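# Descriptive analysis of the structure
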Amino acid sequence: PRASRDDVVIEGILEKRGDWNKAWKYRYFVLESCGKLTYYESEGDKTTPEKAKGSIPINTSITVKAGAPSDGRSVIEITIPGSGLTMTRTFVIGTTSKESADEWFGHISNLQKRVHYVTFQDNVRHW
C-alpha cells in the first residue's frame, strides 16, 4: 500500500547516483516514518507502489553521513552493511542546495536512530 499523508516525513526531487552507472538521475523520493526511503521516476508514480524504482531501509543497521560534494551537489551517503550473500551497498543522493541536503540528512538521521526493522512489499525492489 502507498504511504498515507501522515506517514510521509519528507518528499521531493533529489538526484541519485547509480551503483553501476555513475550518472546522476533525478528521482522523486518519499521518506516514510516506518523507515522506508522509496524513490520513483517521477512524482506521479508515487501513487502506484509497483512503479517504485527502489526502496532503501532507514534503520539502526545502516550508516548515514554527509558525503564529499560532487559536481556542485551536496551529498548524502547511505550505506547498508552486507551480510551472508549480500554485499555492502552505498546509495549516493545529491541536491544542489545545501539547505535541502541538511533537511533530508536530519530527517534520515532521526529515523535511522529509532527504527529497528523495515518491512518491504514483495513487489518493490529494495536495496
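Here's a quick rundown of the structure. What you see is a predicted model; the values in this text were computed from it and never measured. (Residues numbered from 1 in each chain as written. Predicted model: local features only at pLDDT ≥ 70, side-chain atom pairs only at ≥ 80, totals over all residues. Heavy atoms only, no water.)

## What to know about the overall build of the chain
From N to C terminus, the chain includes one helix and seven strands. The linear arrangement of helices and strands in the chain, starting from the amino end, is β-β-β-β-β-β-β-α. For the chain, with 127 residues in total, the buried portion stands at 44%. Restricting to contacts in the chain with at least 6 residues of sequence separation, those with at least 24 account for 48%. Accessible surface, the chain: about 7300 Å² in total, of which carbon and sulfur atoms supply 50%. (Helix = DSSP H or I, 4+ residues; strand = E, 2+ residues; numbered from the N terminus. Buried < 20%, exposed > 50% of the residue type's maximum accessible area, 1.4 Å probe, protein only. Contact = heavy atoms within 4.5 Å. Areas by Shrake-Rupley, 256 points an atom, 1.4 Å probe, with all protein chains shown as cover.)

## Overview of the pattern of salt bridges
Under the definition given, this model contains nine salt bridges. The salt bridge partner of Asp 71 is Arg 73, with a shortest N-O separation of 3.7 Å. In this structure Asp 71 comes out as exposed when scored by relative accessible area, which is 63%. A salt bridge links Lys 98 to Asp 102; the shortest N-O distance between them is 3.1 Å. Here Lys 98 pairs with Asp 102, and both are found in helix 1 (residues 98–114), just four residues apart, close to one helical turn. (Salt bridge = Lys/Arg side-chain N within 4 Å of Asp/Glu carboxyl O.)

## Quick look at the sheet that holds strand 3 (residues 36–40)
Working definition: the strands of a sheet are paired by backbone hydrogen bonds and lie parallel or antiparallel to each other. Taking strand neighbours across the sheet as the criterion, the seven strands line up as 4-3-2-1-7-6-5 in an open arrangement whose pairing is antiparallel. Two strands lie at the open edges of the sheet, namely strand 4 (52–57) and strand 5 (63–70), each paired on one side alone. Neighbouring strand axes in the sheet, compared pairwise and without regard to direction, differ in orientation by 35° on average. Pairing geometry for strand 6 (residues 73–80) and strand 7 (residues 89–95), over seven bridges, is antiparallel. Residue pairing in the sheet places Ile 76 in a bridge with Ile 93 of strand 7. The sheet strands contacting helix 1 are strand 1 (8–17), strand 2 (24–32), strand 3, strand 5, strand 6 and strand 7, and the helix crosses strand 1 at an angle near 120°. (Pairing = 2+ DSSP bridges. Axes fitted to C-alpha atoms, helices over the stretch in contact; angles between N-to-C directions.)

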